[in-house]
Amino acid sequence: MTSSLLERVRGRLVAHQADATPARVVAALRAEGLVLGDDAVLDLVQSLRQDLVGAGPLEPLLREPGITDVIVNGPADVWVDRGSGLERADVRFGSETEVRRLAQRLAAGAGRRLDEASPFVDARMPDGTRLHSVIPPIATAGTLLSLRIPNRSVFTLDELVERGTVDAVGAQWLRDIVAGRLAFLICGGTGSGKTTILSSLLGLVPSRERIVVVEDSSELVPDHPHCVRMQARTANVEGAGVVTLRDLVRQALRMRPDRIVVGEVRGAEVVDLLAAMNTGHEGGCGTIHANSAGDVPARLEALGLMAGLDRLAVHALVAAGIDVVLHLQRSAVGRRFVAGVHVLTRDEAGFVHTMPALTCRGHELVPDAGLPRLRDRLGLS
């Protein structure tokens, strides 16, 4: 079965707006003057259905448990991440045109356009998969496509202990932080497990409390009986209809929340979140991209400045609203673990810094300088 034959049959189906059923494929083949056996027709039907719906040749990868990322650098250059770093996948496209067509179809399914006028796209597919693509001439070697698959598994904290994400002693401190209604942020790099552990911790929130989650891309799936979720929305192809995280945080404040959760703090919504944490909404939490816990105050400062607050105002809100920062890391072999639990301190100039209360040594969290402060925040003797 040649790519040219596939292309001709596809063209006939598209021209007649027909589904890739066996009967219609056979009719298209007859129009091309060709007759194939039953097995060849069924193979052609499967190939056409993958190309016309779903993610084409990538569909099996998106359905494979454990894969978090699928990356296409070219027709014969497909990579996946199964949790231990990128590895080449045994998947091929027929041509650069097929890669580009798939990227454009996925973008259209997410309500976005991908063409010469808009040569890149960053969007969410209907199932929550994060889509990013760049096409020529911006991508000089051909269409680039990246798919981030949301985590569909929910682990309990005990299961994370078994997986080595945190030791038993550290897990008890995390339980105390949630039970004590301390406000916390989880920081770390891409793929370090921030969403996974946040979902686990939200599962520890007492069932009588109402959790309101706002996210840019729906990923958090806590095992909790009273959790409501809202998702931001990008502009449509006409440039209208956008709903930002800041809009959603403001709506969440009116929904009688016991705990407000921001899936990832990345913009002006930090102002409303910090304001909420300073006005009686205890136990709020979220994630933030940062290379270390020590970088979190500077990251929050930058976001606050972009939202119009001055530097000291941001630090004042952070000092009064955030109690704990959990830092996650991912090792070279793919192990995701809690690297430290940090408390916040404020210097004489009014600027916030982090202080480690628990630090990972080997596979254990051991006490550090900030532990007395953490105990004090939890009301422990």
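What counts as what
- Residues numbered from 1 in each chain as written.
- Predicted model: local features only at pLDDT ≥ 70, side-chain atom pairs only at ≥ 80, totals over all residues.
- Heavy atoms only, no water.
- Axes fitted to C-alpha atoms, helices over the stretch in contact; angles between N-to-C directions.
- Helix = DSSP H or I, 4+ residues; strand = E, 2+ residues; numbered from the N terminus.
- Parallel < 35°, antiparallel > 145°, perpendicular 65-115°, else oblique.
- Left-handed = near helix turned anticlockwise from the far one by under 90°.
- Contact = heavy atoms within 4.5 Å.
- Nonpolar A, V, L, I, M, F, W, Y, C, P; charged D, E, K, R; others polar.
- Buried < 20%, exposed > 50% of the residue type's maximum accessible area, 1.4 Å probe, protein only.
- Pairing = 2+ DSSP bridges.
- Right-handed = clockwise from strand over helix to strand, strands pointing away.
- Lys, Arg positive; Asp, Glu negative; His and termini not counted.
- Salt bridge = Lys/Arg side-chain N within 4 Å of Asp/Glu carboxyl O.
- Polar contact = N/O pair within 3.5 Å; in protein donor to acceptor, adjacent residues only side chain to side chain.
- Phe/Tyr/Trp six-rings, centres within 6.5 Å; stacked < 30°, edge-to-face > 60°.
- Lys NZ or Arg CZ within 6 Å of the ring centre and 35° of its normal.

Asker: Help me out: how do you make sense of the packing of helix α7 (residues 168-179) against helix α13 (residues 371-378) in this one?
Answerer: When two helices pack together, their arrangement is given by the angle between the helix axes and by the axis-to-axis distance. Direction vectors running N to C along α7 and α13 enclose 40 degrees, while the axes themselves pass 10 Å from each other. When the axes of α7 and α13 are compared, the pair comes out oblique. With respect to the hand of their crossing, α7 and α13 are arranged in left-handed fashion. In this structure, α7 contributes Trp173, Asp176 and Ile177 to the contact, and α13 contributes Leu371, Leu374, Arg375 and Leu378. For the contact of α7 with α13, the residue count by class is five nonpolar, no polar and two charged.

Asker: Help me understand the pairing of strand β10 (residues 259-262) in this model?
Answerer: One face of the sheet, then the other: side chains in a regular strand alternate in exactly this way. Here β10 shows no split at all, with Arg259 and Val261 on one side and Ile260 and Val262 on the other all buried. As defined by bridge partners, strand β8 (residues 211-215) adjoins β10 across four bridges and the pair is classed as parallel. Note that in β10 the partner of Val212 across the bridge is Ile260. Regarding the hand of the β-α-β motif, the stretch spanning β10, helix α10 (residues 269-277) and strand β11 (residues 285-289) is right-handed.

Asker: What am I meant to see in the sheet that holds strand β2 (residues 77-81) here?
Answerer: Sheets are built from strands paired through backbone hydrogen bonds, the pairs being either parallel or antiparallel. Read from one edge to the other, the open sheet built from six strands follows the order β3-β2-β1-β6-β5-β4, with strand pairing classed as antiparallel. Taken across any chain shown, the strands that pair with only one partner, and hence form the sheet edges, are β3 (86-88) and β4 (120-124). Averaged over all pairs of adjacent strands, the angle between their axes in this sheet comes to 15 degrees, without regard to strand direction. Together, β1 (69-74), β4, β5 (130-134) and β6 (144-148) form the strand contacts of helix α5 (residues 96-109), whose direction differs from that of β6 by roughly 45 degrees.

Asker: Please explain the pairing of β5 as it appears in this structure.
Answerer: Bridge count between β4 and β5: five bridges; the pairing is antiparallel. Note on β5: the bridge partner recorded for Phe120 is Val134. Taken together, β4 and the strand that follows it, β5, pair antiparallel across an intervening segment of five residues, in which Gly128 is found at a positive phi of about 95 degrees. Where β5 and β6 come together, five bridges link them in antiparallel fashion. Its bridge partner lying in β6, Arg130 is registered against Arg148.

Asker: Can you help me understand the side chain of Lys194 in this one?
Answerer: Inspection of the secondary structure puts Lys194 in helix α8 (residues 194-202). Although Lys194 is buried, it forms no salt bridge, and the closest oppositely charged side chain is Glu264 at an N-O distance of 6.3 Å. In terms of polar contacts, Lys194 uses its side chain to reach the backbone carbonyl oxygen of Gly189, at 2.9 Å. Aside from chain neighbours lying at most four places away, what touches Lys194 is Ile186, Cys187, Gly188, Gly189, Thr287, Ile288, His289 and Leu328.

Asker: Looking at this model, I keep getting lost on the packing of aromatic side chains. Mind explaining?
Answerer: The relation between two aromatic rings is expressed through the spacing of the ring centres and the mutual angle of the planes. Summed over the entire model, instances satisfying the criterion amount to zero aromatic pairs. The ring of Phe155 is capped by Arg163, whose NZ or CZ atom sits 4.3 Å from the centre of that ring. Sitting over the ring of Phe351, Arg311 keeps its end group 4.1 Å from the ring centre.

Asker: Mind showing me how you'd approach the sheet that holds strand β14 (residues 352-361) here?
Answerer: Here nine strands make up an open sheet; going across it, the order is β9-β8-β10-β11-β7-β12-β13-β14-β15 and the pairing mixed. With one partner strand each, in any of the chains shown, β9 (227-231) and β15 (364-367) form the two edges of the open sheet. Averaged over all pairs of adjacent strands, the angle between their axes in this sheet comes to 25 degrees, without regard to strand direction. Packed on one face of the sheet, α8 meets β7 (184-188), β8, β10, β11, β12 (324-330) and β13 (336-346) and runs near 155 degrees to β7. Here helix α9 (residues 245-252) sits on the sheet in contact with β8, β9 and β10, set at roughly 170 degrees to β8.

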